[in-house]
Amino acid sequence: MTASIFEISITTPASAQGFTYNPRPARPVPPRVANDNQMLVQANEVDYDYNNSRVSAVGNVQLFYNGTSVEADKVIYDQKTKRLHAEGNIRMTDADGKITYANIMDLSDDYRDGFVDSLRVDTADQTRMAATRADRSSGNYTVFDNGVYTACAPCKDDPKKPPLWQVKGARIIHDQSEKMLYFETAQLEFFGVPLAYMPYFSTPDPTVKRKSGFLMPTPSNVSSYGFGLEIPYFWAIAPDYDATFSPRITSKQGVLLQAEFRQRLLDGSYQVRAYGIDQLDPGAFAGQPGDRQFRGGLETKGQFALNDKWVWGWDGVILSDYYFMQDYRLAQYRDPMASFINLPTEAISQLYLTGVGNRSFFDLRSIYYLSFSGNQQQVPVIWPVLDYSNVFNHPILGGEVSYKTNFVNLTRNDAVFDPITTQANLNGLCTLTSADPLARTPSQCLLRGFPGTYTRLTAEAQWRRSFTDPLGQIWTPFAILRADAINADVSNQPGVSNFLPVGDTQALRAMPAVGFEYRYPFINVEPWGSTTIEPIAQVIVRPNETYAGKLPNEDAQSLVFDTSNLFSVDKFSGYDRVEGGGRANVGVQATTQFDRGGTVKVLFGQSYQLFGLNSFAVRDEINTGVDSGLERTASDYVASVDYSPNRTYTFSVRSRFDEQTWNVQRFEAEARANFDRWSVSMLYGNYAAQPDLGYLTRREGILGSGSVKVAANWVVTGGARWDLEANKINQYTIGAGYVDDCFVLAANYVRSYNYAIGAAPPVLNEAYMLQIGLRTIGNVSIPLP
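Conventions we followed
Residues numbered from 1 in each chain as written. Predicted model: local features only at pLDDT ≥ 70, side-chain atom pairs only at ≥ 80, totals over all residues. Heavy atoms only, no water. Helix = DSSP H or I, 4+ residues; strand = E, 2+ residues; numbered from the N terminus. Buried < 20%, exposed > 50% of the residue type's maximum accessible area, 1.4 Å probe, protein only. Contact = heavy atoms within 4.5 Å. Areas by Shrake-Rupley, 256 points an atom, 1.4 Å probe, with all protein chains shown as cover. Phe/Tyr/Trp six-rings, centres within 6.5 Å; stacked < 30°, edge-to-face > 60°. Lys NZ or Arg CZ within 6 Å of the ring centre and 35° of its normal. Salt bridge = Lys/Arg side-chain N within 4 Å of Asp/Glu carboxyl O. Core = buried A, V, L, I, M, F, W, Y, C linked by side-chain atoms within 4.5 Å. Pairing = 2+ DSSP bridges. pLDDT = per-residue confidence, 0-100. Disulfide = S-S within 2.5 Å. Patch = residues over 30% accessible without salt bridge, like charges linked within 9 Å, V, L, I, M, F, W, Y side chains within 5 Å. 1 Å grid on protein atoms, 1.4 Å probe; cavity = no way out; pocket = protein on both sides within 12 Å on 5 of 7 lines; lining within 4 Å. Points joined across faces, edges and corners; volume = space filled by probe spheres on them. Nonpolar A, V, L, I, M, F, W, Y, C, P; charged D, E, K, R; others polar.

1. Some thoughts on the overall build of the chain
Piece 1. The helix and strand inventory of the chain stands at three helices and 47 strands.
Piece 2. A total of 785 residues make up the chain; the buried ones form 42% of that total.
Piece 3. At a minimum sequence separation of 6, the contacts of the chain that also span at least 24 residues come to 50%.
Piece 4. If you sum the accessible surface of the chain, you get close to 39,100 Å²; carbon and sulfur atoms cover 57% of it.

2. Topic: the packing of aromatic side chains
Piece 1. Inspection of every chain in the model, using the stated rule, returns 40 aromatic pairs.
Piece 2. Ring centres of Tyr 225 and Tyr 328 lie 5.5 Å apart, and the angle between their planes is 0°; on these two criteria the pair is classed as stacked. Pair noted here: Tyr 225 is in the loop between β15 (218-222) and β16 (226-230) and Tyr 328 is in the loop between α1 (324-327) and α2 (336-341), with a separation of 103 residues, a long-range link.
Piece 3. Arranged with centres 6.2 Å apart and planes meeting at 70°, the rings of Tyr 275 and Phe 324 form a pair that is edge-to-face. One end of the pair, Tyr 275, is in strand β21 (residues 268-278); the other, Phe 324, is in helix α1, with 49 residues separating them in the sequence.
Piece 4. Here the aromatic residues Trp 310, Phe 362, Tyr 388, Phe 392 and Tyr 403 are joined through ring pairs into a cluster of three or more.
Piece 5. We note Arg 699 situated over the ring of Tyr 695; from NZ or CZ to the ring centre the distance is 4.1 Å.

3. What about the pattern of salt bridges?
Piece 1. Inspection of every chain in the model, using the stated rule, returns 42 salt bridges.
Piece 2. Its salt-bridge partner being Arg 519, residue Glu 517 comes within 2.9 Å of it at the nearest N-O pair.
Piece 3. The exposure class assigned to Glu 517 is buried, which follows from its relative accessible area of 11%.
Piece 4. Its relative accessible area of 23% is what places Arg 519 among the partly exposed residues.
Piece 5. Overlapping salt bridges bring together Arg 210, Asp 242, Glu 260, Arg 262 and Arg 273 as one network.

4. Some points on the nonpolar core
The tendency in soluble globular proteins is for nonpolar side chains to be buried side by side.
Piece 1. The biggest cluster of nonpolar side chains holds 45 residues, and the ones touching the most others in it are Leu 63, Tyr 111, Leu 119, Phe 144, Trp 165, Phe 183 and Phe 743.
Piece 2. Not counting residues within four places of it along the chain, the set of residues in contact with Phe 144 comprises Leu 119, Val 121, Met 129, Ala 131, Arg 133, Ala 134, Ala 170, Arg 171, Ile 172 and His 174.
Piece 3. Ranked by size, the runner-up nonpolar core spans 22 residues in total, among them Ile 367, Ala 415, Phe 417 and Ile 486.

5. So, the pairing of strand β22 (residues 294-305)
Piece 1. In this sheet, β22 lies alongside β21 in antiparallel orientation, the contact comprising eleven bridges. Paired with Gly 276 across the bridge in β22 is Gly 296.
Piece 2. Where β22 folds back onto strand β23 (residues 310-319) in an antiparallel hairpin, the turn is made up of four residues.

6. Section: the pairing of strand β32 (residues 474-490)
A regular strand carries its side chains on alternate faces of the sheet.
Piece 1. Of the strand pairs in this sheet, strand β30 (residues 452-464) and β32 are connected by 13 bridges, and their pairing is antiparallel. Bridging across to β32, Thr 453 finds its partner in Asp 489.
Piece 2. In terms of strand pairing, strand β31 (residues 467-468) meets β32 through two bridges, oriented antiparallel. Considered in β32, the bridge of Thr 468 is made with Ile 474.
Piece 3. Between β31 and β32, which pair antiparallel one after the other, the connecting turn spans five residues, and Gly 472 there sits at a positive phi close to 90°.
Piece 4. The pairing of β32 with strand β33 (residues 503-519) spans 17 bridges and is classified as antiparallel. From the neighbouring strand, Ile 480 faces β33, where its bridge partner is Ala 513.

7. Things to note about the confidence of the model for the chain
Piece 1. Per-residue confidence for the chain gives a mean pLDDT of 86; residues scoring 70 or more make up 89%.
Piece 2. Scored below 50 in pLDDT, residues 1-35 makes 79 contacts in the model with residues more than four places away or belonging to other chains.
Piece 3. Contacts from residues 756-760, a stretch scored under 50 in pLDDT, to residues over four places away or in other chains number six contacts.

8. Observations concerning the state of the cysteines
Piece 1. On inspection of all chains with the given rule, the structure shows one disulfide.
Piece 2. Here Cys 152 is linked by a disulfide to Cys 742, with a sulfur-sulfur distance of 1.9 Å. Taking the torsion about the S-S bond as the criterion, the Cys 152 to Cys 742 disulfide, at about 85°, is right-handed. A residue pair is termed long-range when its members are at least 10 positions apart, and Cys 152 in the loop between β10 (141-150) and β11 (165-175) and Cys 742 in the loop between β44 (728-739) and β45 (743-754) qualify at 590 residues.
Piece 3. The exposure class of Cys 742 is buried, given its relative accessible area of 2%.

9. So, the environment of Val 193
Piece 1. In this structure, Val 193 sits in strand β13 (residues 193-204).
Piece 2. Under the relative-accessibility criterion, Val 193 is labelled partly exposed at 46%.

10. Some details on a nonpolar patch on the surface
Piece 1. A surface patch of nonpolar side chains, about 1,000 Å² in accessible area, is lined by Trp 528, Phe 594, Tyr 643, Tyr 649, Phe 651, Phe 675, Trp 678, Val 680, Val 708, Val 710, Trp 714 and Val 716.
Piece 2. With respect to the helices and strands, the residue Phe 594 is situated in strand β36 (residues 582-594).

11. Some words on empty space enclosed by the protein
Piece 1. Applying the stated criterion across every chain, the model contains three cavities of 30 Å³ or more.
Piece 2. As a volume, the second largest cavity reaches approximately 50 Å³.
Piece 3. Forming the walls of the second largest cavity are eleven residues, and the residues nearest its centre are Val 41, Val 55, Leu 63, Val 75 and Tyr 77.
Piece 4. Here the element with the most residues in the lining of the second largest cavity is strand β4 (residues 54-65); it accounts for four residues.
Piece 5. Here the lining of the second largest cavity is built from residues that sort into eleven nonpolar, no polar and no charged.

12. Observations concerning the environment of Phe 561
Piece 1. Considering the arrangement of structural elements, one finds Phe 561 in the loop between β35 (529-541) and β36.
Piece 2. Sequence separation between Phe 561 and Tyr 637 is 76 residues; the distance between their C-alpha atoms is 9.6 Å.
Piece 3. Not counting residues within four places of it along the chain, the set of residues in contact with Phe 561 comprises Leu 566, Lys 571, Ser 607, Ser 628, Gly 629, Leu 630, Ser 635, Asp 636, Val 638 and Arg 656.

13. Some words on unusual backbone geometry
It is generally the case that most residues other than glycine have a negative phi and that most peptide bonds are trans.
Piece 1. If you check the backbone angles, Tyr 547 has positive phi at about 55° while not being a glycine.
Piece 2. Within the fold, Tyr 547 resides in the loop between β35 and β36.
Piece 3. A residue is classified by how much of its surface remains accessible, and Tyr 547, at 36% relative accessible area, is partly exposed.
Piece 4. The phi angle at Asp 627 is positive, at roughly 65°, despite the residue not being glycine.
Piece 5. Inspection of the secondary structure assignment puts Asp 627 in the loop between β37 (599-611) and β38 (637-644).

Written out as structure tokens, the structure is:
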């Protein structure tokens, strides 16, 4: 900066900002200068010392040079030593937005070397550092003596109050080339109280998004391997790929090695994760799948875009034994809360291709389910399953035309029987260990999955058009044509022939249907709002379902009859069953809209089998439709009420009543409330016995959950499930957490019971979790024993 040019203007700028609650004051905007080597100085007074080649600026000094601004009470520039000395209320803002406050600053004119006394640094990403002195050398290293680092904003009411957390160090070294912060003789403080001491540790500086180094260690304590400590190391190999090595040192079984590799490409990304352990004590798993020397696994997933409409990808899992993930709490088992409450039963390996158009959808995938329970022979392998749907862009005969296709091919080795009576379960009548094929009868068991190979191709086309006549009546005629080509090769295993024809069966099933839907809305407008009452009638004419109950049912096993599917043309949930026979669905819907807000919607209706075979009265291998409320000529009544007085509250009731006795067969009442500081939800369920489906007694219970924001950043959550039939709370959760822009603290406790059919007592499960996170430092989740 020899021969620097000074452009002087005498002004009275605002004084430098003090240390108040102001995250980032606005930077002075430098006037234009002729070139980057010029320095602009504005001050109340400027003195030239030609003998010593010094320039002094005094009073509200503002200095601009190479994108950096310096504000101070006094600035002296020595042209011989090329040093810049500033004093009093110093505020230096660099080109990256970092602001340094200090009392004394002595730097070279390029800001590469020098020292700063009593400084505070605020960065652009809201991190802060302070020190009694900082020395800068080589334009790269900055050493903070008695330094303090935090990612928390200052207290709004008392800026001098210690932040929520901070790290103090006798020395903090910032290496700008490595973008690392090194702490010597450090201690971690919360609200000014020391809680942890570390002789040395390091962390990437706040500007780093990806940096090689050790991550926060994670302790664990599981009976299968004892106490464990996982020490992850992240390796930022290149901008587009990285790896994490996470050895877990265990007290009973040795070191579990884990490594994960990730890469992002222009059109997608993929990752591979590998596990392996040479167990010190395989005998600890005696009689279990883990009783072996080496155990390990491999996981991978990826997804890539072919263009803006098509993507393809995969998920894959390979394990040495099916219990490996559970024993070492890996993959889906990593969350200890999920491992107790929502225990995963399988891992999915699949290869898929998906496309989404403006009015079309395509999905093709092959799926392999890896069972975590050891029942691999009972789990199907889906070689391909294809779904395609499309809606024509142009009307045909004035109506909308759409079509859809489904193709599936799957195989299963062993039959899956499920007891529907307690006695069948206790006597083992529904297991393959029973040699008597007559032991498994439809009155005692369900056949959840058949052994053999199943192939089905389904194609369906639909035309629909709506008319509104001069009276306001809405007529919607429709026509549907569906065809299924099925090949079922059912293995002749014990008991299977009681449910399905064994051997090879080919079937061609066609289901044409025509019908119309009628609506006639009546609208009443009052000063307080409007009410619309709308009678609805739907008539469907079609032949009987062919092969009803004589073909495998894999994807239509669930059926709940309520107002949501009252006017569905086919009420089965999947393609393996198809509703046949003439049917009428009738109901009335009333909607009230209040002028001051709030809506009430009521729907009541019933379904009638007009002629032909009632598909819901036909038993298949899992009795779909039986005990559904649709198995009789006149169905049960279904009703629902939804009420939303405002955005805060929502109430809904869903029910099904016996057509003859009006007894409640299914009842659900739900209420939700969301306020600024708290929210709560409550669901009451009451379900009649369905012995043909394995539910031998009425089920009744309450499920509640809620959260309360007890303070600005504190949230308490909880939930419970009360089994009213057993008069026992069989699951509850309690959690509390603190979350702000720099710190996360959360604790959760879950207690639940697992029930089994028969006299076996319920199994109690408990789980604890503690999570701590410091912004820019790291996060750790600790499962507690």
